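A look at the structure
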Amino acid sequence: MANPTETTGGSKASSASSPNPKNNALVEQLAQVLPEHAKFAIHHLSTPPTLTEPLNHPPALPTDTKNGADSVDVRPRKPLKTYCEKHFLAVSIEHPEFKEQLLALALEVYIYTTSFSTLIFVSKADSTGYLNLLKLPQGTPSPIREVTTTFVSYLVSQRRRKHIQFIINLFARAQSQYLFPGSINNGGKHVLDDRGLVRWWCRVLNPLLEPSSENNTEWEQIHGYLIVPGLEPYDTRLLLPRTQKAKDNWSLSDPLERISPYASDPATYGKNIPPRCLIPMYPDDPKARFVDELEETTPLKQKLTRGWPTPKTLDQFWELMSHRQECSSGRLTGFIWLVLDPPSRPSSSATNQSQTQSDAQSDSTAAAAAATLKHSETDSKATREKKQKKKKVVLKGPIVPRQPRIKTHQRVHFPKHTSTAHYYWPEEGRGQVILDDSGYKRAVELLLHLEFGTAKQALASTARWINEVNVGERWSLDIVGRRSNPMIPEASGDGTMGSAVNNLSGMIKRKRPTDGEEASSCPGEAAPVNTLGSGLVRKKPKTADSQQPPLPTPASSSNGTQVNVLGAGLVRKKQKS
């Protein structure tokens, strides 16, 4: 872990010292979904596409035939070249009393790209709970959900490649805090339980499954997948959004065979692809930890020829996952995918053929480099032998010291090409501050060492994080929301539409009036008087020595109204001794 006092902006790019207009599309989209007149500020970090470890294990080479018998070559194939681009979005608000920036929520996203597909993995998302300081009107849509949906949709639109499949994947696990230490102590933070969190993420991604009419032509098919290990299908379906198209847009299964480059090309990789080659592995992922355990306990030859002893299928893998890692801690965990297929996706064999050709070219280049290195080593050995035969030269004269070179901050090494067969990195969609991988890790680790328990602590932590990430230079983008809060119209007395008032009169069940009440409901008639019958009143019994006055007889009052008088039979006396 990095020291929190270290400067995290030591590897920033020179072009990111001041805000630039390359994120205008993100600012515009966020302004349309945020509440009207509410002021926000976004801080967007990103890294260039960097070569990383492949997400899937490659299958074995095809079977060779020697002397009429089949002998399996246990060498694995060369994995797909994979690049990773990291994004971190932090949203802050202005404190109403101190007029300073206060972090409200943050989102971390990884973008993995290969020649076959582009995958967005939502790593972490968290809030501080200080959005209640804005005092938004009741009924306002959640800014956290709207910002998350908009940012993921923005990255999809900016990193979309022609004829390339796009995938969105995340792992939903309920936890009190992810990115803001101490925020659980804030009473305004609303922490969802396990079912609520899975349901919330499904609602966040559901708008991407129902695009507008203008974007219908961008993708041929968009479908969502949900798996909750250990939960029955009937209970899992209750976590899906309650919309008309939810049943058609969501499936209670996994799309691993559909999104795998190995399973989509049986002519090259074979028809039977083991589960170990279909399951992607991400940082801090329970699937990856389980796969690592299976890999360590299985010999290499068996893994490549027959796969793991158990599980043999993906269904068995998910069944075992319900008893391991975070899935067996007593809380539900959800695995969610969104698969976006392009309109005219080329055949996987053509993509794999181009990948094979590029791998063959790289292999030939590596062989030529090895031969050149071997010759250079031979020449250098002969040169060293000649130098050893010569007499040693003794240096004489004054020693002139060399002036030290002052090292400035390291700059990010940008890729030579913004678009290749393996990744796409346009100008639009990059962060306001672009860091290399080590600088990005220091920025995120600094946030994990701060404190957000109280408003004063959160203000100090926010100022420190913003200043140290970009070495004191301003890099935030201001946003003013433009989304008005929908009101329920109600007709006023003069026929105009007044303010919205909740009228519950239609929901109150009234008692049906009796015949006598219906007869007296006409205007101009007096309401009847409820009188008690003589048998409904019980009096306290009298003592022996008490003197009671004689009971009055029924009489009429001066105004002619009859007075109710209790009869003598309603009084119970104590027997005298």
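Please read these numbers as outputs of a predicted model, since none were measured by experiment. The residue count restarts for each chain, going from 1 along the sequence in the order it is written. Selection of residues for local features in this predicted model requires a pLDDT of at least 70, selection of side-chain atom pairs for listing and counting requires 80 or more, and totals for whole chains, interfaces and linings are taken over all residues. Just so you know, side-chain values use all the structure's heavy atoms and leave hydrogens and water out.

1. Observations regarding the overall build of the protein
The following threshold applies: Labels follow the DSSP assignment, with helices taken as runs of H or I lasting at least four residues and strands as runs of E lasting at least two, numbered in each case from the N terminus. Exposure categories follow from relative accessible area, calculated using a 1.4 Å probe and restricted to protein chains: below 20% of the type maximum is buried, above 50% is exposed, and the middle band is partly exposed. Two residues form a contact once any of their heavy atoms are found within 4.5 Å. Here the open area of atoms and residues is found with the Shrake-Rupley method and a 1.4 Å probe, where only the protein chains shown may cover a residue.
Across its full length, the protein holds 14 helices and 15 strands. Buried positions account for 40% of the 577 residues belonging to the protein. Put simply, of all contacts in the protein between residues at least 6 apart along the chain, 76% involve residues at least 24 apart. Here the protein displays about 34,700 Å² of accessible surface, and carbon together with sulfur accounts for 52% of that area.

2. So, empty space enclosed by the protein
Heads up, the condition is: Detection works on a 1 Å grid of protein atoms alone, calling trapped sets that fit a 1.4 Å probe cavities and calling open sets with protein on both sides within 12 Å along at least five of seven lines pockets, with lining residues defined by an atom within 4 Å of a point. Grid points are joined across faces, edges and corners, and a volume is the space filled by probe spheres set on the points. Polar here means any residue other than Ala, Val, Leu, Ile, Met, Phe, Trp, Tyr, Cys and Pro, which are nonpolar, and Asp, Glu, Lys and Arg, which are charged; Gly is therefore polar.
This model, assessed by the stated rule, comprises 2 cavities of 30 Å³ or more. Counted as a void, the largest cavity has a volume near 240 Å³. L55, N56, T114, S117 and P261 are, among the 19 residues lining the largest cavity, the residues nearest its centre. Mapped by element, the contributors of at least two residues to the lining of the largest cavity are β7 (117-127) and α6 (256-259). The element contributing the most residues to the lining of the largest cavity is β7, with 3 residues. Partitioning the lining of the largest cavity into residue classes produces 13 nonpolar, 6 polar and no charged.

3. Some points on helix α12 (residues 437-448)
The cut-off we apply is this: A helix is expected to span 1.5 Å multiplied by its residue count minus one. Directions drawn from the helix axis to the C-beta atoms are what define this arc.
Compared with the 16 Å implied by 1.5 Å per residue over 12 residues, the 17 Å span of α12 between its first and last C-alpha is a close match. Those residues of α12 that sit buried are G439, Y440, A443, V444, L446 and L447. Down the axis of α12, the buried set is contained in an arc of 155 degrees. They therefore lie on one face. Residues of α12 that are buried in the fold lie against β1 (39-46), β5 (82-94), β6 (101-113) and α13 (455-469).

4. Re the pattern of salt bridges
Cut-off, in case you're wondering: Salt bridge, as used here: a side-chain nitrogen of Lys or Arg that lies within 4 Å of a carboxyl oxygen of Asp or Glu.
Scanning all chains against the criterion turns up 17 salt bridges. The salt bridge partner of E108 is K124, with a shortest N-O separation of 3.9 Å. Of this pair, E108 sits in strand β6 while K124 sits in strand β7, placing them 16 residues apart in sequence. With a relative accessible area of 3%, E108 lands in the buried category.

5. Some details on the packing of aromatic side chains
As a reminder, the rule being used: Paired rings are identified among Phe, Tyr and Trp, the last through its six-membered ring, by centres lying within 6.5 Å, and are further divided according to the angle between planes into stacked (under 30 degrees), edge-to-face (over 60) and tilted (the rest). Distance and angle both matter: a charge sits over a ring if NZ of Lys or CZ of Arg is within 6 Å of the ring centre and within 35 degrees of the ring normal.
What the rule picks out here adds up to 16 aromatic pairs. Arranged with centres 5.0 Å apart and planes meeting at 80 degrees, the rings of W200 and W201 form a pair that is edge-to-face. Each of the two residues, W200 as well as W201, counts as buried. Grouping aromatic residues by their ring pairs yields a cluster made of F171, F290, F317, W318, F335 and W337. In this arrangement the basic side chain of K86 is found over the ring face of Y110, its NZ or CZ atom lying 5.4 Å from the centre.

6. So, the layout of surface pockets
Approximately 970 Å³ is the volume found for the largest pocket. In this structure, the largest pocket is lined by 41 residues; those nearest its centre are S127, I144, H190, L192 and W200. Considering every element that reaches the lining of the largest pocket, the biggest residue donor is β7, with 7 residues.

7. Concerning the packing of helix α8 (residues 286-296) against helix α10 (residues 314-321)
Note the cut-off: Axis definition: a line fit to C-alpha positions, over the contact stretch in the case of helices; interaxial angles, taken between N-to-C directions, run 0 to 180 degrees. Roughly parallel means an angle under 35 degrees; roughly antiparallel, over 145; roughly perpendicular, 65 to 115; everything else is oblique.
Running from N to C, α8 and α10 point in directions that differ by 105 degrees, and their axes come no closer than 11 Å. Viewed along their axes, α8 and α10 adopt a mutual orientation that is roughly perpendicular. The segment α8 lies against α10, with P286, K287, F290 and V291 engaging F317, W318, L320 and M321. Grouping the constituent residues of the contact of α8 with α10 by class yields 7 nonpolar, no polar and 1 charged.

8. A word on the pairing of β7
Keep this limit in mind: Strands pair, by our definition, only if DSSP identifies at least two bridges between them.
The buried fraction of β7 is high, at 8 of 11 residues. Here β6 folds back onto β7, and the loop between the two strands holds 3 residues. Direction of pairing for β7 relative to strand β8 (residues 165-173): parallel, over a ladder of 6 bridges. Paired with L119 across the bridge in β8 is I167.

9. Quick word on helix α2 (residues 143-158)
Between the first and last C-alpha of α2 there are 22 Å, a value that for 16 residues agrees with the 22 Å anticipated at 1.5 Å per step. α2 sits mainly inside the fold: 13 of its 16 residues count as buried.

10. A few points about the nonpolar core
Our working rule: Here, nonpolar core refers to any group of buried Ala, Val, Leu, Ile, Met, Phe, Trp, Tyr and Cys residues whose side-chain atoms link them within 4.5 Å.
Grouped together as the largest cluster of nonpolar side chains are 112 residues, with contacts concentrated most on F88, W201 and W465. A per-element tally of this core places β6 first, with 10 residues. Those residues in contact with F88, other than ones at most four positions away along the chain, are H43, H44, L45, A106, L107, E108, L179, Y440, V444, L447 and W465. If you look at the next biggest cluster of nonpolar residues, it comprises 5 residues, including Y83, V412, Y423 and I434.

11. What about the side chain of H95?
Short version of the rule: Whenever a nitrogen or oxygen atom comes within 3.5 Å of another N or O atom, the pair is scored as a polar contact, on the condition that within protein one atom can donate a hydrogen and the other can accept it, and that pairs from neighbouring residues in sequence are kept only if both atoms are in side chains.
As for its placement among the helices and strands, H95 is situated in the loop between β5 and β6. Look at H95 and you get buried, because its relative accessible area is 6%. At 3.1 Å, the side chain of H95 forms a polar contact with the backbone nitrogen of E97. If near-sequence neighbours (up to four positions away) are discounted, H95 is found in contact with E100, L102, L133, A455 and L459.

12. A look at unusual backbone geometry
Comment: phi is negative for the bulk of residues other than glycine, and the bulk of peptide bonds are trans. Cis peptide bonds are those with omega within 30 degrees of zero, and the linkage from T310 to P311 qualifies with 5 degrees. Within the secondary structure layout, P311 lies in the loop between α9 (300-305) and α10. Even without being a glycine, V471 presents a positive backbone phi close to 55 degrees. Here V471 shows up in the loop between α13 and β13 (477-480). The exposure class of V471 is partly exposed, given its relative accessible area of 46%.

13. Some remarks on the confidence of the model for the protein
Put simply, the rule is: Per residue, pLDDT measures the predictor's confidence, with a range of 0 to 100.
With 68% of its residues at a pLDDT of at least 70, the protein reaches an overall mean of 79. Ignoring residues within four places in sequence, the model shows residues 488-501, a span with pLDDT below 50, making 14 contacts including any to other chains.

14. A look at the environment of A463
For A463, the position within the fold is in helix α13. When the C-alpha atoms of A463 and Q101 are compared, they prove to be 7.2 Å apart, with 362 residues separating the residues in sequence.

15. What to know about the environment of F121
Mapped onto the secondary structure, F121 falls in strand β7. Sequence separation between F121 and V109 is 12 residues; the distance between their C-alpha atoms is 5.8 Å.

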